[in-house]
Amino acid sequence: MRLLIIGTLNGELINASRIAMNRGAAVTHAEALDQGMNVLRAKGADLVMIDVSLPVAELVETLARERMRLPVVACGTGTDARAAVAAIQAGAKEYIPLPPDADMIAAVIEAVAADNRSFIWRDPAMEKVVKLAEQVAGSEASILITGESGTGKEVLARHVHQRSGRRNKPFISLNCAAIPDNLLESELFGHEKGAFTGATARRIGKFEEASGGTLLLDEISEMDPRLQAKLLRALQERVIDRVGGSKPVPVDIRIIATSNRNLAEAVKDGSFREDLFYRLNVVHLKLPALRERPEDVLALAAFFAEKYAEQNGLPLRPLSAQARDLAVAAPWRGNVRELENAIHRAVLLSSGAEIEADALRSPDGEGLETAPDDSAARAARTAEAVTRSLVGRTVAEVEQDLILDTLDHCVGNRTHAAKILGISIRTLRNKLNEYSSAGVTVPDPGQRRMSA
C-alpha cells in the first residue's frame, strides 16, 4: 500500500509516517499541495493523508479534474473540530486527529487495502471458475475475464492479484469505456509536459503506476483499434511510449482484461484485433450470471444484509424462508450489483425479526420479478403506452429521449447504454456531445439526470 503524506513534517506527522511504515505502507512525503500532485503524477498512490491546514477541497477537486481516483484522509490537532468538519465536507473520507493513534491509522490503511471488495462464493458453478483462477494466479499469464455486467469481474481480478507473486505491488484498474478515446492513451501510457493542451506537467500512466504489479483493463472491448495496436506492442515488448515522449519506458506488469461482450465475435466483426485477443486470452475465466448460481445468491444476500444493517445502525435481520425463495427465483439481470441494492433496500424497509419477502422490491417499489409471463405482460403494457406517446413528435426528439432515458437507466454507463440501444459506443458519444452542445443535461458516469 502506497501512502502520500502532504504537510509540513513536524513530530506528529513523522510519528504518523512511522506507524504507517510499521504497518507495511510505503510512505512518501510532500511539503505542499503542488509538490504532492507532482508525486502523484510521477509515482501514484493508494491513499493521501493531508494536513487540514492545507486546502483539502483544492486537493479533492484537482484529483477529480485529473481523474485520479483515490481516497483522501485529513489529519490535524484533535481539538480542531471545525477544521475536521470542513475537511469531511470538502471530500475527505476520514479525519485522523493528531497526535496519531496507531490503531486508527492501522484501521484506515487496512480499510483502503481491503478496498471494500469482499469475494464470496458458494455455488459449484462459481467454484470451478475460482479454482482455475487460483491455479493460474501465481503465473505471469495474461487473463481475460468475461461475464455479464455486475457478475464480479473486477472482484475476481483482485482475487487473482492477491494470490499472485505481485500481491504486495500495486493493483491498478482502468475502465476503458469511461474515458474518451482522445484521453485514454494518456491515461494508459502517460504524457510529457507540453504534449498537448493542458499537459502542464509530466504524468505517468497506468502502465507505469502498476509497474511490478497488476493492471486491470476493464471493458477492453471498447478500446479504439488504434490504441489496441499500441497496447499490443506494450504487451509484446514490455515497453511503452509516453505521449510526447522521445524514448521508450520499460514496464513490468501483469495484464488482466475484462469484457461483458463476446470478444471472439468482436474479432469476427472487425472491432477487436485478433492478435491482441490471443495475447490477452492466455487464460479465459468466464463468470456465470448470478441467476445460474443459486447458492451464491443466498450467501451474498446474507453478507449484504449484515453489511447494511451495520452501516445503518440497524439490528441484523436474517432473510425469511419466503424471502430466500424469492431471491433465488429472481432473474437478477443486474447480477450482484442488483442483488446488493435490493438487499440494502430490504434492510431499510424491514421492521420485524426477519427480512420478509415483501421487503424485497425493485427501486420503484414494485415486487421483484420472478415469472417470465409477468415480465412479458408488463413489457407489453409499457410498449403500448410508449407507442401512444410518440404521435406528433419528430424522430430526432424521440431519439434524444430514448438515448438519454436509456443512459439514465444505466446510471450514466456509456457502454451498457450503447449495448441496450444497439449502437456503437462512438456513435453514442457523438450523440451525447451534440446534446451537451445544445444545452441538454447529460449524466456523467455513475450519475443520473436531475429530475425536473
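Since the structure is predicted, the reported quantities are computational estimates derived from the model, not experimental observations.

Engineer: I'd love a proper account of the packing of helix 2 (residues 33-42) against helix 3 (residues 56-65), names of residues and values included.
Structural biologist: Axis separation between helix 2 and helix 3 bottoms out at 11 Å; the angle between their running directions is 30 degrees. Here helix 2 lies roughly parallel to helix 3, going by the angle between them. Seen from above, helix 2 lies across helix 3 with right-handed handedness. Of the residues in helix 3, those touching helix 2 at Leu33, Met37 and Leu40 are Glu58, Leu59, Thr62 and Leu63. A per-class count over the contact of helix 2 with helix 3 returns five nonpolar, one polar and one charged.

Engineer: Hey, could you go over the pattern of salt bridges for me, with residue numbers and the actual values?
Structural biologist: The full count for this structure, using the stated rule, is 25 salt bridges. Note that glutamate 134 is salt-bridged to arginine 163, the shortest N-O span being 3.5 Å. In this pair, glutamate 134 sits in helix 6 (residues 124-136) while arginine 163 sits in the loop between helix 7 (153-162) and strand 7 (171-175), placing the two residues 29 residues apart along the sequence. The class for glutamate 134 is partly exposed, based on a relative accessible area of 37%.

Engineer: Run through the sheet that holds strand 1 (residues 2-6), naming residues and quoting values.
Structural biologist: Across the sheet, five strands lie side by side as 2-1-3-4-5; this open sheet has parallel pairing. In the strand order of this sheet, the two ends are held by strand 2 (26-30) and strand 5 (94-98), each with one partner. On average, each strand axis in the sheet is tilted by 25 degrees relative to the strand beside it, whichever way the strands run. Relative to strand 2, strand 1 runs parallel, the two sharing five bridges. Opposite leucine 4, over in strand 2, you have threonine 28 as the bridge partner. The strands touched by helix 2 are strand 1, strand 2 and strand 3 (47-51); relative to strand 1, the strand with the most contacts, the crossing angle is about 165 degrees.

Engineer: Lay out helix 18 (residues 414-421) in plain terms, naming residues and giving numbers.
Structural biologist: What helix 18 keeps buried is the set Arg414, Thr415, His416, Ala417 and Ala418. One side-chain oxygen at the N-terminal end of helix 18 lies 3.0 Å from the backbone nitrogen of threonine 415; it belongs to asparagine 413. Taken from the residues just after helix 18, glycine 422 is the one with a positive phi, measuring 75 degrees.

Conventions adopted
Residues numbered from 1 in each chain as written. Predicted model: local features only at pLDDT ≥ 70, side-chain atom pairs only at ≥ 80, totals over all residues. Heavy atoms only, no water. Axes fitted to C-alpha atoms, helices over the stretch in contact; angles between N-to-C directions. Helix = DSSP H or I, 4+ residues; strand = E, 2+ residues; numbered from the N terminus. Parallel < 35°, antiparallel > 145°, perpendicular 65-115°, else oblique. Left-handed = near helix turned anticlockwise from the far one by under 90°. Contact = heavy atoms within 4.5 Å. Nonpolar A, V, L, I, M, F, W, Y, C, P; charged D, E, K, R; others polar. Salt bridge = Lys/Arg side-chain N within 4 Å of Asp/Glu carboxyl O. Buried < 20%, exposed > 50% of the residue type's maximum accessible area, 1.4 Å probe, protein only. Pairing = 2+ DSSP bridges. Polar contact = N/O pair within 3.5 Å; in protein donor to acceptor, adjacent residues only side chain to side chain.

Bear in mind that shape data such as this cannot, by itself, settle questions of function.
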